[in-house]
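A look at the structure
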Amino acid sequence: MLLTWLTRRLAAYLSKEVSQHSVRTSTWEALKNTLQPGDVLLVEGNTRISVAIKYLTQSTWSHAALYLGPHAGLGTSADGRPNTLIEADLEQGIRPLPLSFYRHAHTRICRPVGLSDSDIHTLTEYARRRIGQQYDLRNAFDLARYLLPTPPVPSRHRHKLLAFGSGDPTRAICSTFLAEAFQHLKYPILPIVELLPADDPDCITCLRERYRIKHHSLFTPRDFDASPYFRIVKPSIEVADFDYRTLDWEEDESEPNSL
């Protein structure tokens, strides 16, 4: 019981905000109007554990959520807003929440390509069934490694610290349930690719690719950004026809008008 209490206290401590989010790269309206069901929303978090994850993964992104839209049957938040996202939270487990929760955050949209309506339905149902699932946080050692946000570890070994230990807190922290959801569809994120003989009698040197799924506990938010199978969508140029010539620039009198 003492170990469970200690671990819960550690989880609460690591979930506390320690800094403000970075400057947003798109407006709230643009983000809301650009997202589509199936998109992965990466977030630059501002909690104690976010600082550690960003350091260990050498990435801006410390969290990931799955956008399913206002018609996914996720209910509403306490203030009556429709829940459109599902995420894995360190303290609360897998939960739905409104997009407005991240309206002031620095985010990035990663979009899977070619999903059918049936695929979206399968993804939605899979994620909905996981709502309320809590991760086993009894291993205090797994969480204690995040108390030092920037451990003196060589960069090539930092990523390994995320998978060290029992694995359950890592799954909650890194939102790897998203990896499980996409692997349920057999949609690739960063699969292991093996080159094998093509068995083509007319081409003895030809090779074929065979994909092997990487275990979901090894994924981090940055993997959706790095994946060649997710399109990076930028709301500021998606919502309207972007034309840099129409931007209203403030004149700087200290600079020359011509070269």
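First things first, this report covers the structure right here in the doc. (Residues numbered from 1 in each chain as written. Predicted model: local features only at pLDDT ≥ 70, side-chain atom pairs only at ≥ 80, totals over all residues. Heavy atoms only, no water.)

**Topic: the overall build of the protein**
Along its length, the protein carries 10 helices and eight strands. Residue burial in the protein is summarised as follows: out of 259 residues, 42% are buried. Once local pairs closer than 6 in sequence are excluded, the contacts in the protein between residues at least 24 apart make up 71%. (Helix = DSSP H or I, 4+ residues; strand = E, 2+ residues; numbered from the N terminus. Buried < 20%, exposed > 50% of the residue type's maximum accessible area, 1.4 Å probe, protein only. Contact = heavy atoms within 4.5 Å.)

**Notes on helix α8 (residues 177-184)**
Spacing of three or four residues puts side chains on the same side of an α-helix, whose turn is 3.6 residues. The element α8 is extensively covered by neighbouring structure, given that seven of its eight residues are classed as buried. If you check which residues of α8 are buried, you get F177, L178, A179, E180, A181, F182 and Q183.

**Overview of the sheet that holds strand β2 (residues 63-67)**
The six strands are arranged β4-β3-β2-β1-β5-β8 in an open sheet whose pairing can be described as antiparallel. Bordering the open sheet on either side are β4 (93-97) and β8 (230-233), each of which pairs with just one other strand. This sheet shows a mean twist of 30 degrees between the axes of neighbouring strands, independent of strand direction. Bridging between strand β5 (residues 107-112) and β8 involves four bridges; their strand directions are antiparallel. By the bridge assignment, P112 is partnered in β8 with F230. On the sheet, α8 packs against β1 (40-43), β2, β3 (85-89), β4, β5 and β8 and is oriented at approximately 40 degrees with respect to β2. (Pairing = 2+ DSSP bridges. Axes fitted to C-alpha atoms, helices over the stretch in contact; angles between N-to-C directions.)

**Details of a nonpolar patch on the surface**
On the surface, a cluster of nonpolar side chains totalling about 620 Å² of accessible area is made up of I237, F242, Y244, L247 and W249. With respect to the secondary-structure elements, L247 resides in the segment after α10 (235-238). (Patch = residues over 30% accessible without salt bridge, like charges linked within 9 Å, V, L, I, M, F, W, Y side chains within 5 Å. Areas by Shrake-Rupley, 256 points an atom, 1.4 Å probe, with all protein chains shown as cover. Salt bridge = Lys/Arg side-chain N within 4 Å of Asp/Glu carboxyl O.)

**Observations concerning the packing of aromatic side chains**
Summed over all chains, the structure comprises six aromatic pairs. A ring pair is formed by F101 and Y102, whose centres lie 4.9 Å apart and whose planes are at 90 degrees; its orientation type is edge-to-face. Judged by relative accessible area, which is 48%, F101 ranks as partly exposed. The interplanar angle of 80 degrees and the centroid separation of 5.3 Å between the aromatic rings of Y187 and F230 together place this pair among those described as edge-to-face. Taken together, the residues Y187 in the loop between α8 and β6 (192-197) and F230 in strand β8 connect sequence positions 43 residues apart. When its relative accessible area of 12% is taken as the criterion, Y187 is described as buried. Residue classification places F230 among the buried positions, given a relative accessible area of 5%. Over the ring of F101 we find R95; its NZ or CZ atom is 5.3 Å from the centre of that ring. (Phe/Tyr/Trp six-rings, centres within 6.5 Å; stacked < 30°, edge-to-face > 60°. Lys NZ or Arg CZ within 6 Å of the ring centre and 35° of its normal.)

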